[in-house]
Amino acid sequence: MAARRQLPKLAAMAIPEPSSTSTALVTGASSGIGREIARLLARRGHHVTLVARNEQRLRELQVELGGEQRATVLVCDLADAGERDEVAQAVTRTVDVLVNNAGFGIYKPFVESDRQMELAQVRVLVEAVVDLTARWLPGMVERRRGCVINVSSVSAFQPLPGNAGYAAAKAHVLLFSEALHAEVKEHGVTVTAVCPGPVHTEFQERNGAHFADRLPRFVWLDPERVARDALDAADAGRRPVVPGGPQVRAAFAPNRYVPTTIALPIASRLMRG
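Rules used throughout
Residues numbered from 1 in each chain as written. Predicted model: local features only at pLDDT ≥ 70, side-chain atom pairs only at ≥ 80, totals over all residues. Heavy atoms only, no water. Helix = DSSP H or I, 4+ residues; strand = E, 2+ residues; numbered from the N terminus. Rg over C-alpha atoms; globule rule 2.2 N^0.38 Å. Buried < 20%, exposed > 50% of the residue type's maximum accessible area, 1.4 Å probe, protein only. Contact = heavy atoms within 4.5 Å. Areas by Shrake-Rupley, 256 points an atom, 1.4 Å probe, with all protein chains shown as cover. Lys, Arg positive; Asp, Glu negative; His and termini not counted. Charge placed at Lys NZ, Arg CZ, Asp CG, Glu CD. Salt bridge = Lys/Arg side-chain N within 4 Å of Asp/Glu carboxyl O. Pairing = 2+ DSSP bridges. Axes fitted to C-alpha atoms, helices over the stretch in contact; angles between N-to-C directions. Expected span 1.5 Å × (residues − 1). Right-handed = clockwise from strand over helix to strand, strands pointing away.

Give a detailed account of the overall build of the chain, specifying residues and quantitative values.
In terms of helices and strands, the chain carries 9 helices and 7 strands. The C-alpha radius of gyration computed for the chain amounts to 18 Å, which stays within 12% of the reference 19 Å derived for 273 residues, consistent with globular compactness. For the C-alpha atoms alone, the extent of the chain along its principal axes is close to 50 × 40 × 40 Å. Put simply, the chain has 273 residues, and 51% of those count as buried. For the chain, long-range pairs separated by at least 24 residues make up 71% of all intrachain contacts whose partners lie at least 6 apart in sequence. When the accessible surface of the chain is totalled, it reaches about 12,900 Å², and 53% of it is carbon and sulfur. Across the chain, the mean location of the 33 positive side-chain charges is 6 Å away from that of the 29 negative side-chain charges.

Explain the pattern of salt bridges to me, using residue names and the numbers behind them.
According to the stated counting rule, one finds 13 salt bridges in the structure shown. Each of the salt bridges in this network shares a partner with another, and the network as a whole consists of Arg-84, Asp-85, Glu-127, Asp-131 and Arg-135.

So what's going on with the sheet that holds strand S4 (residues 94-100)? Which residues, and what values?
Spatial ordering of the open sheet is given by S3-S2-S1-S4-S5-S6-S7, a layout of 7 strands whose pairing is parallel. Strands at the two margins of the open sheet, each flanked by one partner only, are strand S3 (71-75) and strand S7 (240-241). Where strand S5 (residues 146-151) and strand S6 (residues 189-194) come together, 6 bridges link them in parallel fashion. Residue pairing in the sheet places Val-148 in a bridge with Val-191 of S6. Running over the sheet, helix H2 (residues 55-65) touches strand S2 (48-52) and S3 and is turned about 175° from S3. The strands touched by helix H7 (residues 223-235) within the sheet are S5, S6 and S7, with S6 carrying the most contacts at an inclination of about 150°.

Explain H7 to me, using residue names and the numbers behind them.
The end-to-end C-alpha distance of H7 is 18 Å, a good match for the 18 Å that 13 residues give at a rise of 1.5 Å each. Of all the residues in H7, the buried ones are Pro-223, Val-226, Ala-227, Asp-229, Ala-230, Leu-231, Ala-233 and Ala-234. Where H7 is buried, its residues contact helix H1 (32-43), S5, S6 and S7. Downstream of H7 by a residue or two, Gly-237 has a phi angle that is positive, lying close to 70°.

Account for the pairing of S4, with residues named and values stated.
Taken residue by residue, a regular strand's side chains alternate between the two faces of the sheet. Within S4, 6 of the 7 residues are buried, leaving the element largely enclosed by the surrounding structure. Where S4 lies against S5, 4 bridges are found, and the strand directions are parallel. Pairing of Leu-98 across the sheet is with Val-148, part of S5. Note that the unit made of S4, helix H4 (residues 115-143) and S5 has a crossover that is right-handed.

Structure representation (structure tokens):
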């Protein structure tokens, strides 16, 4: 087996400048955080590849961003490996920015949950992130330019009874991203994990995340703020980021370092209400 060619080390760079042959691929672009990240990248001049299941919303966003010359629509259920293959085959531009944002959550005890839905959650939150990153990160390293933004969650900071699969999947995204960041930063490429708390989107209602209504209002963010903080963190070459001001970070960041014996009963009470 031939040895991998050794590439010279570079300092980690900000989000690459747009080019006429490149694109920024954003999953979950039909609403919420993904839509706002796509808007911000388009304002920077990037061609954007919009990926989600809802074609109508993607088409509306495509028109807003400047039409087919500025944005490409790819309808895909990311839980389906075959559909992910079709997305990869349809992308003809160089992917310099990859945003793994698509997701959903299950908010009920695991033994009461639907097995197929639990598996679909893992496929979207974990398998799709690994798959798409494996498709496009090597090319970024080879070209010495690129940026991956993986949307995790503050749920990744501790086990969450009643939300076990989601929290575990987001923990995978966080640790996966941090390890990759260390692997590729010397090649001029960055990987940033974005860990938002509750966000004013359709996610809470659509997924039944009603426990979030008990959280203080100051920790809630608009998707525009999360998107802006995500891109700022990627520009700065940061590894993880909790979007929001100092109060939001103070509310959530310590959870990552609190011993599980303390965090678990607190999380249990929160999730039960």
